[in-house]
Amino acid sequence: MGVPQTMEALRERADFIKESLQKSQIITDNMAAILGSFDHRLSALETAMRPTQIRTHSIRRAHENIDKTLKAADVILSQFDLTRKAEAKILRGPHEDLESYLEAIDQLRSNVKFFSSNKSFKSSDGVLNHANQLLAKAISKLEEEFRQLLTNYSKPVEPDRLFECLPNSLRPSSSSGSPRKHGDDNSKSPTEHQGKSLENAVYTLPTLIPPRVIPLLHDLAQQMVQAGHQQQLFRIYRDTRASVLEQSVRKLGVERLSKDDVQKMQWEVLEAKIGNWIHYMRIAVKLLFAGEKKLCDQILDGVDSLRDQCFAEVTVNSVSVLLSFGEAIAKSKRSPEKLFVLLDMYEIMRELHSEIELLFGSKACIEMRDSALSLTKRLAQTAQETFCDFEEAVEKDATKTAVLDGTVHPLTSYVINYVKFLFDYQSTLKQLFQEFDASDPDAQLTSVTTRIMQALQNNLDGKSKQYKDPALTQLFLMNNIHYIVRSVRRSEAKDLLGDDWVQIHRRIVQQHANQYKRVSWAKILQCLSVQGGGSGSGGGTGGDGSASGISRAAVKDRFKTFNVQFEELHQRQSQWTVPDSELRESLRLAVAEVLLPAYRSFQKRFGPMIENGKNPQKYIRYSPEDLDHMMNEFFEGKTWNEQKR
């Protein structure tokens, strides 16, 4: 195809497109005219329908308002109905159905809240006043119910019930009917011998109020708190439980005593009261006070400030009575026998320290906690002062009691027993030392014990000078030092004082025994000595019948003097006493080993000079065997009448 033909074809197509566009424009203009007509008609229709739409909307809103009003009226009517039902329950009182009564109170509170938030209701003020009056009446009945429940179920705990709550080791003995004393088992204190077992001992808290009643009391208390009646709750709880606790303590045997009361008591009576007080303290703290704390926590759970204050007020008087007795003892006149009961009292306060801190740990209980701590320190101080007094009293003891037979003096046995008891309390003593001095408590105990022993020996030295017979002086010192050494060796004091102390004092015993032999027997042994009064020293028999230069008359005089001196010694020293059998036998043997060989030798050498004369038995009264037999009667503590039989 040539170019002209192509151009012709393109022209034809262009004309066709132009024609098509013109037709499309005509159609568009027609459509616009139609749509414009529709818009005009719709606008007219909308104008016509607007009044109808307005009436329909008003009707709908009216219906909605009616529904709301009906619903509000229904709610108000239901509140009236609930109030009426709650009122009926409250008028019946809480005693028959406490749970339902408490629900009614909650409902009343809800109603008060509802009408308080709907003040626009015409009768809301009247309804509110009625509901509040009813609520006040309900709470008043609630208080009375709480008071009655708490009073009816709060009874003093009998001592027997409390004893059953104790560990077996602390329960009363079958014969006494009172708690066992600290020293009942081998006279040992509990710190050394019961301490470990008591650490894990099981204490069963007494049932102060039946468990089924406690939830009711708790619910009542909660309602009173919600009503703002905390002070009424506090007074009711305090007055009821404090009175019952005080009665329980009184039934147990606790009494308030002053320092003057204590001073007037005989020691045996006071000692028994102190022993009982120690057990009362343990029972009060571990059972009664712990039980009150648990009860208070359960009933007043969730009201912490009131709970702590209630517990403090319930226990304050009982705690005061218990601690006042301890204070009276601590302040009373000091005496050596009080040391051990003071240590017992100090022990129990130390034992109960952590429990007291736990029970009385709140701010409301701070005075009671401080009072207990103060008593512990006061007891420690008094015990230490009594300890120092004892050391001084031993040194200065001026007892005029004469020990005529030279045996162990009562002061010696008293002091040694005292020291033995001190060792039963050694852990307590060490604790006590640390209250006042931070140095090594073992060293302090050693120092104190050594000083007491030295004070005793100093006093015994003074007492030994009362004897006119120097031999009895030595025997007295020998007996007493031996008793001290033997007692130390058999006790824990040996570990404290050491082997050197024991050996030194054993040598002192031997020195006094040697001194006794020298003073008592030197003179009589002189009679049996060849040099004891003869004029010659040669051997053989003289022309006048003498031997070794001693005349028959001198020999007779020697035998006669020996007899008199030995009989005097026998008569006197048979009344003396060496209480330790081993020491007695060793002393007799030591004398016999010197006396009998000397007598045998003298009799063998000079006896024939007498035997050949007249009445030899007048001079040679005793054979060596007779002397040996009579020696066995020495130091037996026989009376003069016993000797004559």
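Residues numbered from 1 in each chain as written. Predicted model: local features only at pLDDT ≥ 70, side-chain atom pairs only at ≥ 80, totals over all residues. Heavy atoms only, no water.

Undergrad: Which parts of the structure should I look at to understand the overall build of the chain?
TA: Looking only at helices and strands, the chain has 24 helices and zero strands in total. Counting only residues that meet the buried cut, the chain has 42% of its 645 residues in that class. For the chain, the computed accessible surface area is about 35,200 Å², with 51% contributed by carbon and sulfur atoms. (Helix = DSSP H or I, 4+ residues; strand = E, 2+ residues; numbered from the N terminus. Buried < 20%, exposed > 50% of the residue type's maximum accessible area, 1.4 Å probe, protein only. Areas by Shrake-Rupley, 256 points an atom, 1.4 Å probe, with all protein chains shown as cover.)

Undergrad: Can you help me understand the packing of helix H8 (residues 230-252) against helix H11 (residues 304-331) in this one?
TA: For any two helices packed against each other, one specifies the crossing angle of their axes together with the interaxial distance. Two elements in contact, H8 and H11, have axes separated by 8 Å at closest approach and are oriented at 30 degrees. With respect to H11, the element H8 is oriented roughly parallel. Note that H8 runs across H11; the crossing there is right-handed. Two secondary-structure elements touch here, H8 through Gln 230, Leu 233, Phe 234, Tyr 237, Arg 238, Arg 241, Ala 242, Leu 245, Glu 246 and Val 249 and H11 through Leu 306, Gln 309, Cys 310, Glu 313, Val 314, Thr 315, Asn 317 and Ser 318. Looking at the contact of H8 with H11 residue by residue, the classes come out as nine nonpolar, five polar and four charged. (Axes fitted to C-alpha atoms, helices over the stretch in contact; angles between N-to-C directions. Parallel < 35°, antiparallel > 145°, perpendicular 65-115°, else oblique. Left-handed = near helix turned anticlockwise from the far one by under 90°. Contact = heavy atoms within 4.5 Å. Nonpolar A, V, L, I, M, F, W, Y, C, P; charged D, E, K, R; others polar.)

Undergrad: Teacher, can you tell me more about the pattern of salt bridges here?
TA: Side chains that differ in charge, positive against negative, can pair when their charged atoms come close. Summed over the entire model, instances satisfying the criterion amount to 25 salt bridges. With a closest N to O distance of 3.1 Å, Glu 158 and Lys 251 form a salt bridge. Remark: Lys 251 occurs in helix H8 and Glu 158 occurs in the loop between helix H3 (124-153) and helix H4 (159-164); sequence separation between them is 93 residues. Overall, Lys 251 belongs to the partly exposed group, its relative accessible area being 39%. In this structure, Asp 580 and Arg 486 form a salt bridge, with 2.9 Å as the shortest nitrogen-oxygen distance. Taken together, the positions of Asp 580 in the loop between helix H21 (552-573) and helix H22 (581-611) and Arg 486 in helix H18 (residues 470-489) put the pair 94 residues apart, joining distant regions of the chain. Take Asp 580: its relative accessible area is 12%, and that puts it in the buried class. (Salt bridge = Lys/Arg side-chain N within 4 Å of Asp/Glu carboxyl O.)

Undergrad: How do you make sense of a nonpolar patch on the surface when you look at a structure like this?
TA: Judged by side-chain polarity, Phe 16, Ile 17 and Leu 21 come together as a nonpolar surface patch covering roughly 350 Å² of accessible area. Mapped onto the secondary structure, Ile 17 falls in helix H1 (residues 3-92). (Patch = residues over 30% accessible without salt bridge, like charges linked within 9 Å, V, L, I, M, F, W, Y side chains within 5 Å.)

Undergrad: Mind showing me how you'd approach helix H12 (residues 338-351) here?
TA: Spacing of three or four residues puts side chains on the same side of an α-helix, whose turn is 3.6 residues. The first and last C-alpha atoms of H12 sit 20 Å apart over 14 residues, in line with the 20 Å expected at 1.5 Å per residue. A large share of H12 lies buried, amounting to twelve of its 14 residues. (Expected span 1.5 Å × (residues − 1).)

Undergrad: What am I meant to see in the nonpolar core here?
TA: Membership of the largest hydrophobic core comes to 157 residues, with the highest contact counts inside it found for Phe 146, Trp 277, Phe 289, Ile 299, Met 349, Trp 521 and Phe 566. Of the residues forming this core, the biggest block, 16 residues, is contributed by helix H10 (residues 267-299). The residues contacting Trp 277, other than those within four sequence positions of it, are Leu 322, Phe 325, Gly 326, Met 345, Ile 348, Met 349 and Leu 375. (Core = buried A, V, L, I, M, F, W, Y, C linked by side-chain atoms within 4.5 Å.)

Undergrad: Can you help me understand the packing of aromatic side chains in this one?
TA: Two descriptors summarise a pair of aromatic rings, namely the distance from one centre to the other and the angle between the planes of the rings. Inspection of every chain in the model, using the stated rule, returns 21 aromatic pairs. Arranged with centres 5.4 Å apart and planes meeting at 55 degrees, the rings of Phe 340 and Phe 421 form a pair that is tilted. Placement of the pair is Phe 340 in helix H12 and Phe 421 in helix H15 (residues 410-424), with a sequence separation of 81 residues. The class of Phe 340 is buried, set by a relative accessible area of 13%. Of the aromatic side chains, those joined through ring pairs into one cluster are Tyr 516, Trp 521, Phe 562, Phe 566, Tyr 599, Tyr 622, Phe 634 and Phe 635. Above the plane of the ring of Tyr 203 lies Lys 286, whose end atom (NZ or CZ) is 4.9 Å from the centre. Just above the ring of Phe 311 sits the side chain of Lys 293; from NZ or CZ to the centre is 5.2 Å. (Phe/Tyr/Trp six-rings, centres within 6.5 Å; stacked < 30°, edge-to-face > 60°. Lys NZ or Arg CZ within 6 Å of the ring centre and 35° of its normal.)

Undergrad: What exactly am I supposed to notice about the environment of Glu 313 here?
TA: Here Glu 313 shows up in helix H11. Assessed through its relative accessible area of 29%, Glu 313 is described here as partly exposed. Between the C-alpha atoms of Glu 313 and Arg 235, which are 78 residues apart in sequence, the distance is 9.6 Å. Apart from the residues within four sequence positions on either side, Glu 313 is in contact with Phe 234, Arg 238 and Ala 242.

Undergrad: In this structure, what is going on with the confidence of the model for the chain? I would like to understand it.
TA: Should the pLDDT be low somewhere, the predicted coordinates at that spot are not to be read in detail. When pLDDT is averaged along the chain, the result is 82; 77% of the residues meet or exceed 70. Contacts for the low-pLDDT stretch residues 179-193, under 50 throughout, to residues beyond four places or in other chains number 46 contacts. (pLDDT = per-residue confidence, 0-100.)

Undergrad: Please clarify how H10 should be interpreted in this entry.
TA: Taking 1.5 Å per residue, 33 residues should reach 48 Å; H10 reaches 45 Å between its end C-alpha atoms and fits that length. The largest bend in H10 is about 40 degrees, located at Ala 284. (Bend = angle between axes of the 7 residues up to and from the residue.)

Undergrad: Could you clarify how one ought to interpret the side chain of Thr 407 in this entry?
TA: If you trace the backbone, Thr 407 turns up in the loop between helix H14 (366-396) and H15. A relative accessible area of 17% means that Thr 407 is categorised as buried. If sequence neighbours within four positions are ignored, Thr 407 has contacts with Phe 476, Asn 479, Asn 480, Thr 577 and Pro 579.

Undergrad: Could you clarify how one ought to interpret the side chain of Gln 565 in this entry?
TA: With respect to the element layout, Gln 565 can be found in helix H21. If we ignore the near neighbours within four places in the chain, the residues touching Gln 565 are Lys 523, Ile 524 and Cys 527.

Undergrad: Teacher, can you tell me more about unusual backbone geometry here?
TA: Most of the time, phi is negative for any residue but glycine, and the peptide bond is trans. Of note, Phe 635 is a non-glycine position whose phi angle comes to about 65 degrees, a positive value. Relative to the elements of secondary structure, Phe 635 occurs in the loop between helix H23 (624-631) and helix H24 (640-644).

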